[in-house]
Amino acid sequence: MLIKIYPENPNPKAIEQVVEVLRKGGLIIYPTDTVYGLGCDITNHRAIEAICKIRNIKPEKANFSFICYDLSHISDYIKPIDNTTFRVLKKALPGPFTFIFNASHMAPKLLSSNKKTVGIRVPDNDIAREIVKALGNPILSTSIKDDDEIIEYSTDPELIYEKYENLVDMVIDGGYGDNIASTVVDCTNGDFEIIREGKGDLEMYL
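What counts as what
- Residues numbered from 1 in each chain as written.
- Predicted model: local features only at pLDDT ≥ 70, side-chain atom pairs only at ≥ 80, totals over all residues.
- Heavy atoms only, no water.
- Helix = DSSP H or I, 4+ residues; strand = E, 2+ residues; numbered from the N terminus.
- Buried < 20%, exposed > 50% of the residue type's maximum accessible area, 1.4 Å probe, protein only.
- Pairing = 2+ DSSP bridges.
- pLDDT = per-residue confidence, 0-100.
- Axes fitted to C-alpha atoms, helices over the stretch in contact; angles between N-to-C directions.
- Contact = heavy atoms within 4.5 Å.
- Phe/Tyr/Trp six-rings, centres within 6.5 Å; stacked < 30°, edge-to-face > 60°.

Here the bond from L93 into P94 is cis, since omega is -5°, no more than 30 degrees from zero. Among the secondary structure elements, P94 is positioned in the loop between α3 (83-92) and β5 (97-102). Unusually for a residue other than glycine, N56 sits at a positive phi of about 60°. Looking at where N56 falls in the secondary structure, it is placed in the loop between α2 (45-55) and β4 (65-67).

See below:
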């Protein structure tokens, strides 16, 4: 199903439709502040396995992100962080960053793997954030990649739908996506180490 939602003022009825799909264990493709993401409810093991299958990866090897509405619940999924780190997060988020932290004991249970780290993302996109808010817990997410190396990420939601309509339950058309991924920052050692340059400039917030 392809559903149109406008990012400026997402329609609550449409958001509820998306949440229904997620609660039933469905997979969605949705817009963020960078590239389109493939996501599911983090509490649904079967849905997580289905995403791994689409991306052709083993759960323990997967680098998934948790898409959060804000920072209020991240302590459920990551080990405690210091005030300096938290202040930077508060300034940088919502924004085009994925921050990698040491996972709390809760995260591996959700992912059924022994992964020690977890990526946290609060995208500056109201569609993604309103979905998470209405769902009541984060979405497990991975970027969708294009087979064509030149256009590394798919940006046109209609083309994404053509490609994925038989693999996912819903594609959200929130307008053209970006083709630059988020900046990935490793915070597991208490410092900020950029492991992938992307759309976000962390220097502005340090």
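The next thing to look at is the pairing of strand β7 (residues 139-143). Among the five residues in β7, four count as buried, and that is most of the element. Relative to β7, strand β3 (residues 37-41) runs antiparallel, the two sharing five bridges. Along β7, the bridge assignment pairs G37 with S143. With three bridges connecting them, β4 and β7 associate as antiparallel partners. Bridged to S65 within β7 is S141.

The next point concerns the confidence of the model for the protein chain. A low pLDDT means the predicted coordinates there should not be read in detail. With 95% of its residues at a pLDDT of 70 or more, the protein chain has an overall mean of 91. The element-level mean pLDDT for the protein chain is lowest in helix α4 (residues 106-111), coming to 72, with helix α1 (residues 12-23) highest at 98.

Attention shifts here to the pairing of β5. Burial within β5 is extensive, with five of its six residues counted as buried. By the bridge criterion, four bridges tie β5 to strand β9 (residues 183-186) in an arrangement that is parallel. Bridged to T98 within β9 is V184. Relative to strand β6 (residues 117-121), β5 runs antiparallel, the two being bridged by four bridges. Its bridge partner being in β6, I100 is matched across the sheet by G119.

Taken together, ten strands build an open sheet; the order of strands is β1-β8-β2-β3-β7-β4-β6-β5-β9-β10 and the sheet is mixed. Each of the sheet's edge strands pairs with one partner strand only, and the pair in question is β1 (2-4) and β10 (193-196). Pairwise comparison of adjacent strand axes, ignoring direction, gives a mean angle of 35° for this sheet. Packing against the sheet, helix α6 (residues 157-164) makes contact with β1, β2 (28-30) and β8 (170-173), and its axis sits at approximately 175° to β8.

Attention now goes to the environment of K133. Looking at the element boundaries, K133 is found in helix α5 (residues 126-135). Taking the relative accessible area as the measure of exposure, K133 reaches 48% and is therefore partly exposed. Sequence spacing of K133 and T34 is 99 residues, and the spatial spacing of their C-alpha atoms is 19 Å.

On inspection of all chains with the given rule, the structure shows four aromatic pairs. Centroid distance F97 to Y205: 5.9 Å. Interplanar angle 85°. Geometry classified as edge-to-face. Taken as a pair, F97 in strand β5 and Y205 in the segment after β10 lie far apart in primary sequence, 108 residues in all. Judged by relative accessible area, which is 21%, Y205 ranks as partly exposed. Aromatic rings pair up to connect F97, F99, F101 and Y205 into one cluster.

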